[in-house]
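Here's the letter readout for the chains.
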Amino acid sequence: MFGPLLAQEDAYGDGEWFKFRVHYGFVTAGYATLSVDDTYLNGKPVHHVKGEGRTIGLSKLFFNVDDNYQSYIDRTRDIPYRFIRKIDEGGHTKDIQIDFDHRSGIAQVNNKKHQKIEAVRFPKNAQDMVSAFYYLRNRLDTQVIEEGDTIDLDMFFDKENFKFRLKFLGREVLETKFGRVPTLIFRPYVQAGRVFKEKESLTVWVSDDKNKMPILIKADLAVGSLRATLTEYKGLKHSFKILVD
């Protein structure tokens, strides 16, 4: 296990924006963006994180994707107050809004597609699938982790609670369009089934600096390997560490 998660200098902030090229080998399937805007939700200061992904060109004919994920994260406590998942993946659609009441430990799950609202209990300080990544960027002490270390988080997704586990695989210098970037390699454990080959099919490379920004994501799918490569960024809170020969 990792040592205690530390409250340290924030890794991200208002105005951060990433763009990724999603591709099978040399074939571009689509693009995805992640953005952060500071705002208020019910009077509380939050980071509003938006994740959007869309297929382009011929890929739309085979499997059209139009995904929108949003999380409203408390700026100090790094916990989510609201999570939105609005997706269309090859005609499979969802439109869900989850509002977290951390005092009562009750999440109000509003399934807008089926016009159904449910109240579901969740563990203390549970994360949604977007806020978990930003929580780890802020709280993970990457100076002391060692290869093979793992960390567990409580996560709430759709209307279910489950344990999310992250494993540290080591360090690697990646050749990128920006130059040679020192990275940390992590493996999120995901649920095997319809999309992923197995629970260890996802690998993430993040910058080995104070930003801990995603550089490369690789997913081994049931039909080949899909990659998301960082192509553009702006609004970083810290200097981007690039090696100079």
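Shown above is the structure to which this text applies.
Per chain, the residues get numbers from 1 upward, laid out in the order the sequence is written. Only residues with pLDDT of 70 or above have their local features reported here, since the model is predicted, and side-chain atom pairs are shown and tallied only from 80 upward, although totals for entire chains, interfaces and linings are computed over all residues. As a convention, hydrogens and water are excluded, and side-chain values are obtained from all of the structure's heavy atoms.

Peer 1: Please explain the side chain of H238 as it appears in this structure.
Peer 2: The helix count covers DSSP runs of H or I at least four residues long, the strand count covers runs of E at least two residues long, and both are numbered beginning at the N terminus. Here H238 is to be found in the segment after β14 (224-234). Only protein chains enter the accessibility calculation, which uses a 1.4 Å probe. A residue is then buried if its area is under 20% of the maximum for its type, exposed if over 50%, and partly exposed in between. Among the residues examined, H238 registers a relative accessible area of 14% and is labelled buried. In this description, contact between two residues means that some pair of their heavy atoms is separated by no more than 4.5 Å. With residues near it in sequence (within four places) discarded, H238 still touches E9, D10, A11, K210 and N211.

Peer 1: Explain a positive patch on the surface here, please?
Peer 2: A surface patch of positive charge is lined by K44, R77, R103 and K124. The exposure class of K44 is partly exposed, given its relative accessible area of 38%. A patch consists of residues whose relative accessible area exceeds 30% and which take part in no salt bridge; residues with like charges are grouped when within 9 Å of each other, and nonpolar side chains (Val, Leu, Ile, Met, Phe, Trp, Tyr) when within 5 Å. For the area figures, the Shrake-Rupley method with a 1.4 Å probe applies, and any residue is considered shielded solely by the protein chains shown. What counts as a salt bridge is simple: a side-chain nitrogen of Lys or Arg found within 4 Å of a carboxyl oxygen of Asp or Glu. Here Asp and Glu are counted as negative and Lys and Arg as positive; His is not counted, and neither are the chain ends. Charged side chains are reduced to one point each, which is NZ for Lys, CZ for Arg, CG for Asp and CD for Glu.

Peer 1: What is the right way to read the packing of aromatic side chains from this model?
Peer 2: Side-chain rings of Phe, Tyr and Trp (the six-membered ring for Trp) are treated as a pair once their centres are within 6.5 Å; stacked means planes under 30 degrees apart, edge-to-face means over 60, and tilted covers the remaining angles. Applying the stated rule across the entire model yields 11 aromatic pairs. Seen from their ring centres, F18 and F20 are 6.3 Å apart, and the 70 degrees between their planes marks the pair as edge-to-face. The buried category is assigned to F20, whose relative accessible area is 4%. The interplanar angle of 80 degrees and the centroid separation of 5.8 Å between the aromatic rings of F100 and F156 together place this pair among those described as edge-to-face. Remark: F156 occurs in strand β9 (residues 150-157) and F100 occurs in strand β6 (residues 92-101); sequence separation between them is 56 residues.

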